Amino acid sequence: MVTDLIESRPDADDGGSGAPDPRGVDPNGTATRSRLVLDTSVLIADPSCVLEFADADVVVPLTVVEELDGLKSRTDDVGRAARSALRTLEELRVEHGGSLAQPVPTGTGTATLQIEINNIRKHLLVEHGLDPAVPDNRIIGAAIGQADNGPTTMVSNDAALRIKAAHLGVSAAAHSPVRSERSVAAVGWSTIDATYETIDCLYAAGAIALDAVVSPADRLRENEFAVLRCGSQSALVRSVGDEFVLLPNGPCEPWGLRPRNKEQRFALELLLDPDISVVALDGRAGTGKTLLAIAAGLEMVVEQQRYERMAIYRPLVPVGRAEVGFLPGGLDEKLDPWMSAIHDAIVALADQGSTSDARRLIDELTDRGQLSLESVTFLRGRSLHRQMVLIDEAQNLEPTTLRTILTRVGDGTKVIFTGDTSQIDAPYLGESNNALSVLTSAFADQRCFGHITLTACERSDVASLAAELL
């Protein structure tokens, strides 16, 4: 979708009437179609997005195709996305006679796609001090040329490009690959006012019908939590099917870890439930996402032996995108700096926070095949059976990598994604189009999925202040 301006997918019930009308009106009062000019960052974030816009004319400048061609040889997520976007364009080209110089239907509503070759207003770029040889400026020039044909929006995940486009009089908007049904990001729990009778009935029976507490319009998603409150009386519940199910008295303490707030309690309920195979934990630094996931994993693998191994994967994305260069040693030694956060979490779980005890535990579990620390790079082609898989720092992963990970999941495997969508180091990604956000939107209301956003920082007072003030 294009944020606040046009939706990629029309609503199934009303044909998209819930979104703003993407059409404009010409001086004669006739409705004109909207034209959407896409830049490279959009196709990298969502390679198939050209097939998802409805009732609009999608325009891809030839400069974008050239940039995709330059990126396709990369071996990372960006390279895969570039190749996928080029394949999508090629399939449309072949399907419609061998050329995209003229608009062709995409098969979604009345939408069309065209590759713009010539209509670039170079003189306007020069007048505003922009170099026409710069690819981003040429894309803006193409958008200016399209504005002569109807209402035009420049769609980009590049903030600088949007600023320049708006300066030259072209409407600009960001792109998000999956539309959330709610205007406010879901946090996985809410507070609901209830009656004394409702709470008494809940404690007596252990569950109560959703319709007895909330109206059909306010029903919670599957596996969402709620705090039912009436004065000084309250109850913690989870939405399961058509019922609110009361959480057990006394919090669970996996690997000796006691939850410090209700959000952590909700997260542990999801992490320790074997019927939930995909869990997403979002939250700022210091809220305990990784620590909770590792504690639950060690409990389920070592103590309960429900899973054969805990496999922890992290993307190799440096903070601030400052490359560290080649690292010496074998594979384990090269990965060790990237896995320091995992080591720190296990230290926190060790008796008296002993670093040596944590290292011995890691070595022992690794030798027994119950723990592995790997890079997401090595997941392609794998098939993960009876494992508890932790994908840490998932906000730095492309949506295309999310699909790669979830299609690796075999029987009896649970996958946990943790990350902070406000701290993203990977290029081309933002708070709405990273793997963690896309997963939360796409899997919402699925029986096998649960999500919690943690907000209370428990690491230290300094970490809490930094998260709030900086």
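In this report, the structure presented in the accompanying data block is examined. Values in this document were obtained by computation on a predicted structure and should not be read as measured data.

When helices and strands are counted, the chain shows 15 helices and 19 strands. Across the 470 residues of the chain, 50% fall into the buried class. For the chain, long-range pairs separated by at least 24 residues make up 68% of all intrachain contacts whose partners lie at least 6 apart in sequence. Summed over its atoms, the accessible surface of the chain is roughly 21,900 Å², and 50% of this surface lies on carbon and sulfur atoms.

The next subject is the side chain of Asp57. With respect to the helices and strands, the residue Asp57 is situated in strand E4 (residues 57-61). Every residue in contact with Asp57, bar those within four places of it in the chain, is listed here: Arg33, Ser34, Arg35, Leu36 and Thr112.

Turning to the nonpolar core, a few remarks are in order. Ranked by internal contacts, the top residues of the largest apolar core, which has 43 residues, are Leu271, Ile294, Ile312, Ile346, Leu371 and Ile452. Ranked by residues supplied to this core, first place goes to helix H9 (residues 289-303) with 9 residues. In this structure Leu271 touches Val279, Leu281, Leu292, Ala293, Ala296, Met300, Met388, Lys414 and Ile416, once residues within four positions along its chain are discounted.

In the Ramachandran plot, Asn223 falls in the positive-phi region, its phi being about 65 degrees despite a non-glycine side chain. We classify Asn223 as buried; its relative accessible area is 1%. Backbone geometry at Asp445 places phi at a positive 75 degrees, although glycine is not the residue there. When you line up the elements, Asp445 lands in the loop between helix H14 (435-442) and strand E19 (449-454). On the basis of relative accessibility, which here comes to 47%, the residue Asp445 falls in the partly exposed class.

Bridge count between strand E11 (residues 225-230) and strand E12 (residues 233-240): 6 bridges; the pairing is antiparallel. Opposite Arg229, over in E12, you have Ser234 as the bridge partner. Between the antiparallel neighbours E11 and E12 lie 2 residues, among them Gly231 with a positive phi of about 65 degrees. Count of turn residues in the E12/strand E13 (residues 243-246) antiparallel hairpin: 2 residues, of which Gly241 carries a positive phi of about 65 degrees.

Once that is clear, we can look at the sheet that holds strand E10 (residues 207-209). With mixed pairing, 5 strands are arranged side by side in an open sheet as E9-E11-E12-E13-E10. Of all strands in the sheet, those with a lone pairing partner are strand E9 (189-193) and E10, marking the two edges. Ignoring strand direction, the axes of neighbouring strands in this sheet form an average angle of 30 degrees. Bridge analysis of E12 against E13 gives 4 bridges, and the strand direction is antiparallel. Following the sheet pairing, Val237 is matched in E13 by Leu246.

This paragraph deals with the packing of aromatic side chains. Here the structure, examined in full by the defined rule, presents 3 aromatic pairs. Relative to Phe266, the ring of Trp189 has its centre 6.1 Å away and its plane inclined at 50 degrees; by these criteria the two rings are tilted. Taken together, the positions of Trp189 in strand E9 and Phe266 in helix H8 (residues 262-271) put the pair 77 residues apart, joining distant regions of the chain. Each of the two residues, Trp189 as well as Phe266, counts as buried. Both rings, one in Phe225 and one in Phe266, keep their centres 4.6 Å apart while their planes meet at 15 degrees; by these two values the pair is stacked. Pair noted here: Phe225 is in strand E11 and Phe266 is in helix H8, with a separation of 41 residues, a long-range link. Taken individually, Phe225 and Phe266 each receive the classification buried, so the pair is uniform in this respect. Through successive ring pairs, a cluster of aromatic residues spans Trp189, Phe225 and Phe266.

The rules we used
- Residues numbered from 1 in each chain as written.
- Predicted model: local features only at pLDDT ≥ 70, side-chain atom pairs only at ≥ 80, totals over all residues.
- Heavy atoms only, no water.
- Helix = DSSP H or I, 4+ residues; strand = E, 2+ residues; numbered from the N terminus.
- Buried < 20%, exposed > 50% of the residue type's maximum accessible area, 1.4 Å probe, protein only.
- Contact = heavy atoms within 4.5 Å.
- Areas by Shrake-Rupley, 256 points an atom, 1.4 Å probe, with all protein chains shown as cover.
- Core = buried A, V, L, I, M, F, W, Y, C linked by side-chain atoms within 4.5 Å.
- Pairing = 2+ DSSP bridges.
- Axes fitted to C-alpha atoms, helices over the stretch in contact; angles between N-to-C directions.
- Phe/Tyr/Trp six-rings, centres within 6.5 Å; stacked < 30°, edge-to-face > 60°.

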